[in-house]
Amino acid sequence: MDKLHVKYSVDILDELTPTLRTIVSNFRTSVPDINGKIRTPKEEIIHQEKFCSDSDIKLWILVFEKNMLIGTTAVYARSIKYNGRNILLGGIGKVRVKKENRGEGIASAMMEAAMDQMKKLKCDIAFLDTNIDSFLGKFYKKYGFVPLNRPYTFLGKSRKRYSDTDGMIAQITSKALFTEILTDSKPFDIGFGNW
Ligand SMILES: CC(C)(COP(=O)(O)OP(=O)(O)OC[C@H]1O[C@@H](n2cnc3c(N)ncnc32)[C@H](O)[C@@H]1OP(=O)(O)O)[C@@H](O)C(=O)NCCC(=O)NCCS
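Quick caveat, the model's predicted, so the values are computed rather than measured. (Residues numbered from 1 in each chain as written. Predicted model: local features only at pLDDT ≥ 70, side-chain atom pairs only at ≥ 80, totals over all residues. Heavy atoms only, no water.)

Within the structure, the ligand sits among 20 residues, and Val 95, Val 97, Gly 103, Ser 108 and Lys 142 are positioned closest to it. In the environment of the ligand, an oxygen atom lies 3.5 Å from a nitrogen or oxygen atom belonging to the backbone of Ile 106. Between the ligand and the protein, one listed contact pairs an oxygen atom with a backbone N or O atom of Ala 107 at 3.0 Å. Computed on the free molecule, the ligand has an accessible area of 920 Å², of which 67% lies beneath the protein chains in the complex. Its atoms largely coinciding with the cavity grid, the ligand occupies the largest pocket. (Near = heavy atom within 4 Å. Polar contact = N/O pair within 3.5 Å; in protein donor to acceptor, adjacent residues only side chain to side chain. Areas by Shrake-Rupley, 256 points an atom, 1.4 Å probe, with all protein chains shown as cover. 1 Å grid on protein atoms, 1.4 Å probe; cavity = no way out; pocket = protein on both sides within 12 Å on 5 of 7 lines; lining within 4 Å. Sits in = over half its atoms within 2 Å of the grid points.)

Written out as structure tokens, the structure is:
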């Protein structure tokens, strides 16, 4: 057992109880981003429009210190069409650590668990979106993620189509698909909702 697990518990849950759902939701709206900012209500509405994939969450990775939630990560998976066939797209989102506990290896422990779970789910590849130019680009590279280096598209809750450029993908079970998607030139369509 490593140092992290002595001090904290890392729980992997396939669903949240109503109480945990409230705790996770409060955590997400009260814990600041890497620039110390908390989303304004207006930003939260835009976020909810674009990041509307909660029904694709297969697992939650929650870290507790005693009984207090200090870290969250969601593991997603959904079937999407890519070049005429169905593929299982895995994903990582809602990676967040309580400000006072940052720099203690908590996100690293959650990412290790998340990568392991996406293998168990037999995802072909994984996708995430992040601020690639910040330390986060380097952080996710440690787990096999590389910048997509071209736009990806998705539908929002309103069914409006969005395009963004900060996507990263990682090989999970299919090296061939990972290479094919990386070397393709069309925007990568991730389906309904960003994560
Ligand atoms: C990003 C975040 C989850 C990192 O959590 P954490 O528990 O502090 O991360 P770890 O302690 O496991 O550190 C992971 C790596 O990132 C580096 N790192 C962490 N915070 C850093 C910072 N502010 N500046 C530079 N590097 C940093 C660590 O040095 C470590 O590098 P290493 O693996 O080479 O040793 C946390 O800062 C956070 O919750 N941020 C707000 C939400 C967010 O932006 N989430 C990411 C969404 S894509």
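Listed under "domain: N-acetyltransferase" (unreviewed entry) in the UniProt record, and renumbered for this structure, are residues 18–160. Across residues 18–160, helical content stands at 31% and strand content at 34%; the span's end C-alpha atoms are separated by 30 Å. (UniProt positions renumbered as here; feature names shortened; annotations may be inferred. Helix = DSSP H or I, 4+ residues; strand = E, 2+ residues; numbered from the N terminus.)

Burial analysis of strand 9 (residues 167–171) places four of its five residues in the buried class, which makes it a mostly covered element. Where strand 5 (residues 125–129) meets strand 9, five bridges bridge the pair, whose relative direction is antiparallel. Of the residues in strand 9, the one forming a bridge with Phe 127 is Ile 169. As defined by bridge partners, strand 6 (residues 146–147) adjoins strand 9 across two bridges and the pair is classed as antiparallel. Counterpart to Pro 147 in the pairing with strand 9 is Met 168. (Buried < 20%, exposed > 50% of the residue type's maximum accessible area, 1.4 Å probe, protein only. Pairing = 2+ DSSP bridges.)

A separate point is the environment of Lys 94. Tracing the backbone through its elements, the reader meets Lys 94 in strand 4 (residues 85–97). For the pair Lys 94 and Leu 13, spaced 81 residues apart in the sequence, the C-alpha separation amounts to 14 Å. Leaving out residues up to four positions away in the same chain, Lys 94 has contacts with Arg 28, Asp 54, Ile 57, Trp 60, Thr 72, Thr 73, Ala 74 and Tyr 76. Side chain to side chain, Lys 94 and Asp 54 meet in a polar contact 3.2 Å long. (Contact = heavy atoms within 4.5 Å.)

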